[in-house]
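Topology and contacts: notes
Residue-level listing of the chains:
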Amino acid sequence: MPEFAINKITLNELSYEQAVEACARHGFAGITPWLDDLKHLTPAQARKVADDAGVSIAGFCNAGLFALHGKGGMDNAVDAARHSIDYAAEFGATTIVTVVGGLLPDSKSIPDARKFAFDGMVRIAEHASNTPVRLALEPLHPMYTPDWSMVGSLSDANDWCDRLDNGVGLTVDAYHVWWDPDFEVEIARAASAGRLLSFHISDWLVPTGHMLLDRGMPGDGVIDLTAMWQTMTNAGYGDYIEVEIFSERLWKQDPDAFLAELKNRCNIAFPA
Ligand code: ZN
């Protein structure tokens, strides 16, 4: 029986408290908030909001983005990631989405950016290994390489996990990896290493209007979500199907109408 969770970005116009209530109303069993959503709450207060509504903690966003503060900003980036990991641990999350970051400012060097990001990963993986929170490295579609992620495929993400060898697992986001001819092979590889931690879903619209903010509702695009889910479950994944939709268009819809339709689409794409 698939269980569904909502990544808070999907309900971008709502507060964390409103989003938790909306999840409970529409039968989404879990929520994954972003640290920014919880700035006004201690981890214990944030946890109580979810507990009182009967909504589980599916995950936490995020850690990484090492190049954001430039070459001299590694310590700042690592400190920010450690803070997120510590907050997630107190909040009761067991995984944190980890995105490694893109090119260094004023540089076009992919090797430099990859080395920089990997060094950052070593540092925060060490920190996370002393907490109950596992880093869930998320490869992003290669179109996000300059800004967000030097890791653009599952095979590369698996390689990084192998090299880090410190409990680091994977977030598999359908939007980022649906195109990958090695999807089944790399999912099996990740599963055999015990690192399939999260599964994010949305749909790839054709044409797409914006690289970041035009993801589709399941069923409106070209991703075979059902087949991806089958590959995941065949490999042994049994955790949440987490809806993560960045969409300026869908964010404007009435949240209750949107969630009712979303649940409907989830039930079609992922039948019990
Ligand atoms: Zn994602």
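Structure report, in brief. Note that this is a predicted model, so its numbers are computed, not measured.

Section: the environment of His 26
Within the element layout of this structure, His 26 appears in helix α1 (residues 16-26). By relative accessible area, which is 18% here, His 26 ends up buried. For His 26 and Met 74, which are 48 residues apart along the polypeptide, the C-alpha to C-alpha distance reads 41 Å. Look past the residues within four positions of His 26 in its chain and what remains in contact with it is Asp 256, Leu 259, Ala 260 and Lys 263. In this structure the side chain of His 26 is engaged in a polar contact, spanning 2.6 Å, whose partner is the side chain of Asp 256.

Digging into the coordination of the zinc ion
Within the protein, the atoms that donate to the zinc ion are Glu 138 (OE), Asp 173 (OD), His 200 (ND1) and Glu 244 (OE), at distances of 2.0 to 2.4 Å. One can describe the site at the zinc ion as irregular: its 4 donor atoms subtend angles covering 86 to 144° at the metal. Among the residues examined, Asp 173 registers a relative accessible area of 0% and is labelled buried.

A few points about the sheet that holds strand β8 (residues 196-201)
A sheet is described by the order of its strands in space; here 9 strands give the open sequence β3-β2-β1-β9-β8-β7-β6-β5-β4, paired in parallel fashion. Across the chains shown, the open sheet's two edge strands, defined by having one partner strand only, are β3 (56-57) and β4 (61-64). α1 rests against β1 (4-7) and β2 (30-32) of the sheet, and its axis sits at about 150° to β2. The sheet contacts of helix α4 (residues 110-128) involve β4, β5 (95-99) and β6 (134-137), and relative to β6 the element is tilted by about 145°.

Examining the nonpolar core
Core analysis: the largest hydrophobic core is formed by 89 residues, its most contacted members being Met 121, Phe 199, Leu 262 and Phe 270. In this structure, Met 121 is in contact with Phe 66, Thr 98, Val 100, Leu 135, Leu 137, Trp 160, Leu 164 and Val 168, ignoring residues within four places of it in sequence.

Topic: the pairing of β4
Pairing between β4 and β5: 3 bridges, direction parallel. Of the residues in β5, the one forming a bridge with Ala 63 is Thr 98. For the handedness criterion, the β-α-β arrangement of β4, helix α3 (residues 74-91) and β5 is classed as right-handed.

Quick word on unusual backbone geometry
With an omega dihedral of -15°, the bond running from Cys 61 to Asn 62 counts as a cis peptide bond. Note that Asn 62 resides in strand β4. That bond from Val 206 to Pro 207 is cis: its omega, -5°, falls within 30 degrees of zero. Within the element layout of this structure, Pro 207 appears in the loop between β8 and α8 (225-234). The phi angle at Asp 106 is positive, at roughly 60°, despite the residue not being glycine. Residue position: Asp 106 is located in the loop between β5 and α4.

Reading the values: rules and limits
Residue positions are counted from 1 within each chain, in the order its sequence is given. Selection of residues for local features in this predicted model requires a pLDDT of at least 70, selection of side-chain atom pairs for listing and counting requires 80 or more, and totals for whole chains, interfaces and linings are taken over all residues. The side-chain figures draw on all heavy atoms in the structure; neither hydrogens nor water molecules are used. A helix here means a DSSP run of H or I that spans at least four residues, while a strand means a run of E at least two residues long, and both kinds are numbered starting from the N terminus. Accessibility here uses a 1.4 Å probe with only protein chains present; expressed as a share of the type maximum, an area under 20% marks a residue as buried, one over 50% as exposed, and anything in between as partly exposed. In this analysis, two residues are considered to be in contact whenever any of their non-hydrogen atoms come within 4.5 Å of each other. Any N or O atom pair separated by 3.5 Å or less is treated as a polar contact, with the protein-specific requirement of one donor-capable and one acceptor-capable atom, and with residues adjacent in sequence counted only for side-chain atom pairs. Counted as donors are N, O and S atoms no farther than 2.8 Å from the metal, or 3.2 Å for Na, K and Ca; water is not among the atoms, and sites may therefore look incomplete. Just to be clear on the cut-offs, tetrahedral is four donors with all angles between 85 and 135 degrees, square planar is four donors and octahedral six with opposite donors over 155 degrees apart and all others between 65 and 115, and anything else goes down as irregular. Note: two strands are recorded as paired if DSSP finds a minimum of 2 bridges between them. Axis definition: a line fit to C-alpha positions, over the contact stretch in the case of helices; interaxial angles, taken between N-to-C directions, run 0 to 180 degrees. In this text, buried Ala, Val, Leu, Ile, Met, Phe, Trp, Tyr and Cys residues form a nonpolar core when linked through side-chain atoms within 4.5 Å. Seen with the strands pointing away from the viewer, any crossover whose path from the first strand over the helix to the second strand runs clockwise is right-handed.

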